[in-house]
Amino acid sequence: MHDTKKIRLFILLFLFFEGAYASNINITDCFINFVNNANQSLDASGLVNGDGGSVPLSDIMSAAGFTYQTCLAHCGSGTQNPTWANISQQFGAWLLPYLALISQLPFGARHRVDNLMSAILIVGSPVLAGYSMILTVLNANWISRQFDDLSFPNTKSAVRILISLQQSPLRISNDDSLLSSLVVLPDNDEWWPTTAEFLDYTHTWSIASVTTIAWVVVAYILTVASSLSDVPSNINSNGQGTGSVWLWLIPIVIGWLQLSPKCDYTRVRKAMDNADAMAFVATDNSDEVVKASHLSEMRAVSIDTDMENPSSPDEMLTPPVYNYARAISWSRSAEDVYNAFRIASKKAKDHKPVAIGAKWKNTNKKDFIEPSNRKGNVSEVNAYCRLPRDTVWSPWATGMFFRMFVASLLPLALQWATTGAAVLVVYFTPTVGLGCRSLGYLIYGALATMIWAMLVMSSILSHYAFSYSDRPRSPFSSITIRLVKVVANLLRWGGKSMAIINAIWIIAAGMLQFTSVYDNCYCNSSVLGRGAQYAYDIVVFDHVDLSQTKAAWFGALALAGTTSLGFIFYMNLLTDLVPL
């Protein structure tokens, strides 16, 4: 049964490709025959020069092309047969290196299907990949600066732990005085640096990653140089547009390698499990503490990957591209930890011990707090980290939306610089104008931007619904929360579905160009931009001035290259500012 289905599928694919090339068109031969007939009959109607103008009777043999209607009438609407040698050459030079480079992206999910989906999201929306990356660094920079002014034990380790857990669904809990005890009690001084050390592993440069990146860069430079040195050669199936539209992948891979995200689920889970045995909690007796593991399975700092009702299912997935879904909740959790340290640090500066009625014990050591000043019973420990009563709770961390805005700018520039470069290459390739090839790249860029917008909006709505789901509310508010959840789910499903389509499309778009599927009267004449009445197909380039085409190709190279280098430079600056 399965064999029969495979045979049917093969037959359908064979018939599809056979139908695509069934017309056996050779536009160049068709044009030459038309010019010879026109010269014999002294009828130059339908012929055009390199600028699309009419050809005089005395100069018929110097015609560069013919109008779309003439091409359609004499050559038909079919597609020119591809040259398989050209297909393999173009695919190997322009597309294959990028597909190999995808393997150097960081993954680390529990299940392979989640790793596959993360790769699809990155290819389907480069702007989403760049946004998640820069937002990760901005959040790390933000929380690091927040802790800079605090003078309380374990603050540096706390920053390292929080930054390391950006690729995990971070959860903070003060139930049973868990967080307050972890921050205040001297018994937990070992927990912070040890956990930071457990999480201190790197996924960074390797021989494989350096070799792959070098291969892509060298292949791109050589193929660009080759195409610029011989512009007319295979001009309609040239892969420079494909090479430009994929150029974003180099800075994205380099950026993640610089950032070295802690996204290996197995390692992070093992590190947190090892840390669980060292956490202590205050009791009603200020001289006694109890291990947190003896009270319950709840922990002050945990990664809850098995949560029944997360704000978004994508938040549970550890590949870094899903940071778009985690960043808001992570920032809120990180600020909760910061607030606990901030209040404790302020009281320590005022020489207020944890135990009520106790006297502050001074020490001769600078920036050192005597452990006895940090001991108390459970209510005293809680009070030592408690925010003032007039504090207004917000589900959004300080400056979150500003960081999201900043994180969007450069990825959008990178997306549209590379997409725009690809459009420039094919737009200014004769016949100049909007055609099938340039429209394909525009569709890719537009869908990539829409996917990013949909998924980011989904993360905002999901976090809003999650934050207010367990709070007292009116029937109207309950309906609103349910509606927000539905919209968030629809946006997430729609965005990921579009990402699958877009990832397939950008690979298919390159193959359509390499296999000469676009090499027909309609696409070569740029009918989409010029209209059928004014469209024409340039076939012979001997008498055509290609200086504008070459200038556009150089400009596309400069646009995509400088933006990619700018992205790498910006990431270098950002990663140098935080203790990654």
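Residues numbered from 1 in each chain as written. Predicted model: local features only at pLDDT ≥ 70, side-chain atom pairs only at ≥ 80, totals over all residues. Heavy atoms only, no water.

1. A few points about the overall build of the chain
Then step 1. The number of helices and strands found in the chain is 22 helices and 7 strands.
Then step 2. In summary, the chain has a C-alpha radius of gyration of 31 Å against a globular reference of 25 Å for 580 residues, an excess of more than 25%.
Then step 3. Within the chain, the fraction of its 580 residues that count as buried is 53%.
Then step 4. Residue pairs at least 24 apart in sequence account for 82% of intrachain contacts in the chain once pairs closer than 6 positions are excluded.
Then step 5. Total accessible area on the chain stands at roughly 26400 Å², and carbon and sulfur atoms take up 59% of it.
Then step 6. The positive charge centre, built from 40 side chains, and the negative charge centre, built from 42, are 8 Å apart in the chain. (Helix = DSSP H or I, 4+ residues; strand = E, 2+ residues; numbered from the N terminus. Rg over C-alpha atoms; globule rule 2.2 N^0.38 Å. Buried < 20%, exposed > 50% of the residue type's maximum accessible area, 1.4 Å probe, protein only. Contact = heavy atoms within 4.5 Å. Areas by Shrake-Rupley, 256 points an atom, 1.4 Å probe, with all protein chains shown as cover. Lys, Arg positive; Asp, Glu negative; His and termini not counted. Charge placed at Lys NZ, Arg CZ, Asp CG, Glu CD.)

2. Details of the sheet that holds strand β7 (residues 536–538)
Then step 1. Taken in spatial order, the 3 strands line up as β1-β2-β7 in an open sheet, and their pairing is antiparallel. Each end of this open sheet is capped by a strand with a single partner; those strands are β1 (47–48) and β7.
Then step 2. Two strands pair when backbone bridges link them, and β1 and strand β2 (residues 65–67) are joined in this way by 2 bridges, in the antiparallel orientation. Within β2, the residue paired with Val48 across the bridge is Gly65.
Then step 3. The strands touched by helix α3 (residues 68–75) within the sheet are β2 and β7, with β2 carrying the most contacts at an inclination of about 95°. (Pairing = 2+ DSSP bridges. Axes fitted to C-alpha atoms, helices over the stretch in contact; angles between N-to-C directions.)

3. Considering empty space enclosed by the protein
Then step 1. If you walk through the whole model with that rule in mind, you get 5 cavities of 30 Å³ or more.
Then step 2. A volume near 70 Å³ is recorded for the second largest cavity.
Then step 3. Residue lining of the second largest cavity: Leu178, Leu182, Trp191, Asp276, Ala279, Phe280, Val281, Ala292, Arg299, Ala300 and Val301, and that is the complete set.
Then step 4. Elements supplying a minimum of two residues to the lining of the second largest cavity: α8 (178–184) and β4 (280–282).
Then step 5. Of the residues in the lining of the second largest cavity, the class split is 9 nonpolar, no polar and 2 charged. (1 Å grid on protein atoms, 1.4 Å probe; cavity = no way out; pocket = protein on both sides within 12 Å on 5 of 7 lines; lining within 4 Å. Points joined across faces, edges and corners; volume = space filled by probe spheres on them. Nonpolar A, V, L, I, M, F, W, Y, C, P; charged D, E, K, R; others polar.)

4. So, the state of the cysteines
Then step 1. Considering all chains together, one arrives at 3 disulfides under this definition.
Then step 2. Shown here is the disulfide that connects Cys30 with Cys75, its sulfur atoms set 1.9 Å apart. Taking the torsion about the S-S bond as the criterion, the Cys30 to Cys75 disulfide, at about -95°, is left-handed. With Cys30 in helix α2 (residues 27–41) and Cys75 in helix α3, this pair connects stretches of sequence that are 45 residues apart.
Then step 3. Between Cys71 and Cys521 runs a disulfide, and the two sulfur atoms are separated by 1.9 Å. Measuring the twist about the S-S bond at about -70°, one finds the Cys71-Cys521 disulfide to be left-handed. Taken together, the positions of Cys71 in helix α3 and Cys521 in helix α20 (residues 521–524) put the pair 450 residues apart, joining distant regions of the chain. (Disulfide = S-S within 2.5 Å.)

5. As for the nonpolar core
Then step 1. In this structure, Trp246, Leu249 and Ile252 are the most contacted members of the largest nonpolar core, which totals 89 residues.
Then step 2. For this core, the element with the highest residue contribution is helix α18 (residues 436–468), accounting for 10 residues.
Then step 3. Once residues within four sequence positions are removed from consideration, Leu249 is found in contact with Tyr98, Leu101, Ile102 and Leu105.
Then step 4. Residues Leu178, Val183, Leu199 and Cys385 belong to the second largest nonpolar core, which totals 52 residues. (Core = buried A, V, L, I, M, F, W, Y, C linked by side-chain atoms within 4.5 Å.)

6. Considering the side chain of Ser132
Then step 1. Counting through the fold element by element, Ser132 comes out in helix α6 (residues 126–148).
Then step 2. One polar contact links the side chain of Ser132 to the main-chain carbonyl oxygen of Val321, over a distance of 2.8 Å.
Then step 3. When near neighbours in sequence (up to four residues on either side) are disregarded, Ser132 contacts Trp256, Pro320, Val321, Asn323 and Tyr324. (Polar contact = N/O pair within 3.5 Å; in protein donor to acceptor, adjacent residues only side chain to side chain.)

7. Concerning the pattern of salt bridges
Then step 1. Enumeration according to the criterion identifies 9 salt bridges in this entry.
Then step 2. Here Glu315 makes a salt bridge to Arg171, at a shortest N to O gap of 2.9 Å. Residue Glu315 is located in the loop between β6 (301–303) and α15 (323–349), and its partner Arg171 is located in strand β3 (residues 170–172); the two are separated by 144 residues in the primary sequence. Here Glu315 and Arg171 have matching classes, each one buried.
Then step 3. We note a salt bridge from Lys346 to Asp350, for which the minimum N-O separation is 3.7 Å.
Then step 4. Exposure remark for Asp350: the relative accessible area of 43% places this residue in the partly exposed category.
Then step 5. Ionic contacts of the salt-bridge type, sharing partners, join the residues Arg160, Glu197 and Asp200 into one network. (Salt bridge = Lys/Arg side-chain N within 4 Å of Asp/Glu carboxyl O.)

8. Focus on a nonpolar patch on the surface
Then step 1. Taken together, the side chains of Trp416, Leu439, Leu442, Ile443, Tyr522 and Leu528 make up a nonpolar region of the molecular surface, amounting to roughly 460 Å² of accessible area.
Then step 2. With 3 residues, α18 is the largest single contributor of residues to the nonpolar patch.
Then step 3. Take Leu439: it is sitting in helix α18. (Patch = residues over 30% accessible without salt bridge, like charges linked within 9 Å, V, L, I, M, F, W, Y side chains within 5 Å.)

9. Observations regarding the layout of surface pockets
Any empty space left between atoms is shown by rolling a water-sized probe over those atoms.
Then step 1. Its volume calculated, the largest pocket comes out at about 1500 Å³.
Then step 2. Along its surface, the largest pocket is lined by 48 residues, and Ile172, Ser173, Asn174, Asp336 and Trp393 are the ones closest to its centre.
Then step 3. Elements with a minimum of two residues in the lining of the largest pocket: β3, α8, α13 (265–276), β6, α15, α16 (378–385) and α18.
Then step 4. Partitioned by chemical class, the residues of the lining of the largest pocket number 16 nonpolar, 15 polar and 17 charged.

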